[in-house]
Amino acid sequence: MNDADPAKDEASTHSAARPVVPRGGETRHAFLSSPSTAMAREPEPAAGAANNLPRPLRWLLCTLHCIPIGIASTRPDGVLEYVNPRLSAMTGHAPHELIGQRVDAIRCAADGTRLDQLWPLLLARDQWDGEVRYRDRAGGFLPVLESICAVREPAGSIAGLVHFVQDMTSHRLVESLRRLAFYDGLTGLPNRALVEDRLSLAIAHGQRHHSSFAVLCIDMDRFKQVNDNLGHAVGDQLLAAVGQRLHGCLRAGDTLGRWGGDEFVAIVEDVRQGGTLRAVAERLLSTGAQPYPIGDWKLSITLSIGMSLYPQHGRDSRALLAAADAAMYQAKAAGGNSWRVQPPG
């Protein structure tokens, strides 16, 4: 067995590992691949080629191949010099098909996020993070979260860029399923299931902190006439507009959800005095009664609101909702466009 040549190892180290000087001034060493090296050309170098590398670079290469996010390195002009197996799998392109090409061949950025537009920011901050799309071999597009880091020469100029690319497809799918499960498709507001969950949390908070909150059942008066006379398409647009307008009347910590049909439920946190609750109800009535421009129509609608208070009207969801619902029907029986609170029983 031949002994390793220390001088050869030393020369290899200096040709593959170059000092990188971040803005803080501390010198680090980072591997900068080159199209002429086996590491840049091959996704997995032959065992003999890998074994000839110094041990730190072998571990670095192994790390790059094992990281479960896409990684690419480019020259300052955007030409790809290295693509790891994960990015190759994401795009369906073998590394040798991409190396030597511009990253724009797979990176599809909207206006404002192209590399030439990001260059001033990279010069100033050395990093950019954002969402773009990468094109796969079949011509489809992958939503990705991308982080671009500038690697600098000792003199301070940018030697190249490293792109870290995380596929957001599964995340988007999970988020889409979550919205389907907990948000109303018409209004975008929390649906009945999420309102019930928020109400349970409000009760637990009230028990721990001995605080009070209100539950409001809000019903649109004579909404059936809109559907019957103008059609369900106009009725749906009106429902969505009312929901968004009422949502704007509440504070950030409050909840407004669509309970079903033309009925909404609100949870108003930290109600310490009757005056606060009265002000919320009057604001909802006044704002909800303003005209709604829907297509060629300018529609007006009024509301009937029933309210219950925790813990005066109950200490569980069923009791609070029942008290608010009964009060709402009292307001509707009185002609609508009003609010009611039942006496605690």
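Up top you'll find the structure we're talking about.
Residues numbered from 1 in each chain as written. Predicted model: local features only at pLDDT ≥ 70, side-chain atom pairs only at ≥ 80, totals over all residues. Heavy atoms only, no water.

A. Region of the structure containing the pattern of salt bridges. Taken as a whole and assessed by the stated rule, the structure comprises 12 salt bridges. Linking arginine 152 and aspartate 126 is a salt bridge whose minimum nitrogen-to-oxygen distance equals 2.8 Å. Taken as a pair, arginine 152 in strand β7 (residues 141-152) and aspartate 126 in the loop between α7 (115-125) and β6 (127-135) lie far apart in primary sequence, 26 residues in all. Judged by relative accessible area, which is 8%, arginine 152 ranks as buried. In this structure, lysine 224 engages aspartate 228 in a salt bridge whose closest nitrogen and oxygen atoms are separated by 2.7 Å. Here the residue lysine 224 and the residue aspartate 228 both occupy positions in helix α10 (residues 223-230), the gap between them amounting to four residues, near one helical turn. Taking relative accessible area as the criterion, lysine 224 reaches 58% and is therefore assigned exposed. Several salt bridges converge on common partners, so that one network encompasses Asp219, Asp221 and Lys332. (Salt bridge = Lys/Arg side-chain N within 4 Å of Asp/Glu carboxyl O. Helix = DSSP H or I, 4+ residues; strand = E, 2+ residues; numbered from the N terminus. Buried < 20%, exposed > 50% of the residue type's maximum accessible area, 1.4 Å probe, protein only.)

B. Representation of the packing of helix α9 (residues 192-209) against helix α13 (residues 317-333) in the model. At a minimum axis separation of 10 Å, α9 and α13 run at an interaxial angle of 110 degrees. In terms of their interaxial angle, α9 and α13 are classed as roughly perpendicular. The segment α9 lies against α13, with Leu199, Ser200 and Ile203 engaging Ser317, Leu320 and Leu321. Residue composition of the contact of α9 with α13, by class: four nonpolar, two polar and no charged. (Axes fitted to C-alpha atoms, helices over the stretch in contact; angles between N-to-C directions. Parallel < 35°, antiparallel > 145°, perpendicular 65-115°, else oblique. Contact = heavy atoms within 4.5 Å. Nonpolar A, V, L, I, M, F, W, Y, C, P; charged D, E, K, R; others polar.)

C. Quick peek at the packing of α10 against helix α11 (residues 232-247). Relative to each other, α10 and α11 sit at 145 degrees, their axes nearing to 7 Å. Judged by residue contacts, Phe223, Val226, Asn227 and Leu230 of α10 engage His232, Val234, Gly235, Leu238 and Leu239 from α11. Each residue belonging to the contact of α10 with α11 can be placed in one class, and the counts come to six nonpolar, three polar and no charged.

D. Spotlight on the side chain of aspartate 219. Within the secondary structure, aspartate 219 sits in strand β9 (residues 213-220). For aspartate 219, a relative accessible area of 8% corresponds to the buried category. Here lysine 332 takes part through its side chain, which lies 2.6 Å from a polar atom of the side chain of aspartate 219. If sequence neighbours within four positions are ignored, aspartate 219 has contacts with Asp262, Glu263, Thr302, Leu303, Ser304, Met328 and Lys332. (Polar contact = N/O pair within 3.5 Å; in protein donor to acceptor, adjacent residues only side chain to side chain.)

E. Here's a closer look at the environment of threonine 302. Counting through the fold element by element, threonine 302 comes out in the loop between β13 (297-299) and β14 (303-310). Along the chain, threonine 302 and threonine 287 lie 15 residues apart, while their C-alpha atoms are 9.5 Å from each other. Setting aside its immediate chain neighbours within four residues, threonine 302 contacts Asp219, Met220, Asp221, Arg222 and Asn337. At a separation of 2.7 Å, a polar atom in the side chain of threonine 302 contacts the side chain of aspartate 221.

F. Expanded view of the nonpolar core. Leu216, Ile218, Met220, Leu238, Phe264, Leu284 and Ile305 are the most contacted members of the largest nonpolar core, which has 33 residues in total. Of all the secondary structure elements, the ones that give two or more residues to this core are β9, α10, α11, β11 (263-268), α12 (274-288), β12 (292-294) and β14. Excluding residues that lie within four positions of it along the chain, leucine 238 makes contacts with Met220, Phe223, Val226, Tyr292, Ile294, Leu299 and Ile301. The next biggest cluster of nonpolar side chains, apart from the first, holds 21 residues, and it includes Leu80, Leu115, Val144 and Ala150. (Core = buried A, V, L, I, M, F, W, Y, C linked by side-chain atoms within 4.5 Å.)

G. How the structure looks around α10. Where α10 is concerned, the buried positions are Phe223, Val226 and Asn227. Along the axis of α10, the buried positions cluster into a sector of 95 degrees, meaning they face one direction only. Away from its buried face, by an angle of more than 90 degrees, α10 presents the exposed residues Lys224, Asp228 and Asn229. On its buried face, α10 is in contact with β9, α11 and β13. Glycine 231 sits one or two positions beyond α10 and adopts a positive phi of about 100 degrees. (Arc of directions from axis to C-beta.)

H. Spotlight on the packing of aromatic side chains. Under the counting rule described, the total for this entry stands at one aromatic pair. An angle of 10 degrees between the planes, with centres 5.1 Å apart, marks the rings of phenylalanine 213 and tyrosine 310 as stacked. Pair noted here: phenylalanine 213 is in strand β9 and tyrosine 310 is in strand β14, with a separation of 97 residues, a long-range link. Here the two residues phenylalanine 213 and tyrosine 310 agree in accessibility, since each one is buried. The side chain of arginine 133 reaches across the aromatic face of phenylalanine 141, ending 4.1 Å from its centre. Taking the ring centre of tyrosine 292 as reference, the NZ or CZ of arginine 245 above it sits at 3.7 Å. (Phe/Tyr/Trp six-rings, centres within 6.5 Å; stacked < 30°, edge-to-face > 60°. Lys NZ or Arg CZ within 6 Å of the ring centre and 35° of its normal.)

I. Up close: the sheet that holds strand β4 (residues 80-83). Read across the sheet, six strands follow the order β4-β3-β8-β7-β6-β5 without closing on themselves; strand pairing throughout is antiparallel. A single partner strand is all that each edge strand has here, and the edge strands are β4 and β5 (107-108). (Pairing = 2+ DSSP bridges.)

J. Up close: α9. Between its first and last C-alpha atoms α9 spans 26 Å; for 18 residues at 1.5 Å apiece the expected length is 26 Å, and the two agree. When we look at burial in α9, the residues that qualify are Leu194, Val195, Leu199, Ala202, Ile203 and Gly206. Buried residues along α9 sit against α8 (169-182), β9, β10 (255-260), β11, β14 and α13. Taking the backbone nitrogen of alanine 193 as reference, a side-chain oxygen 3.2 Å away marks asparagine 191 as the first, capping residue of α9. (Expected span 1.5 Å × (residues − 1).)

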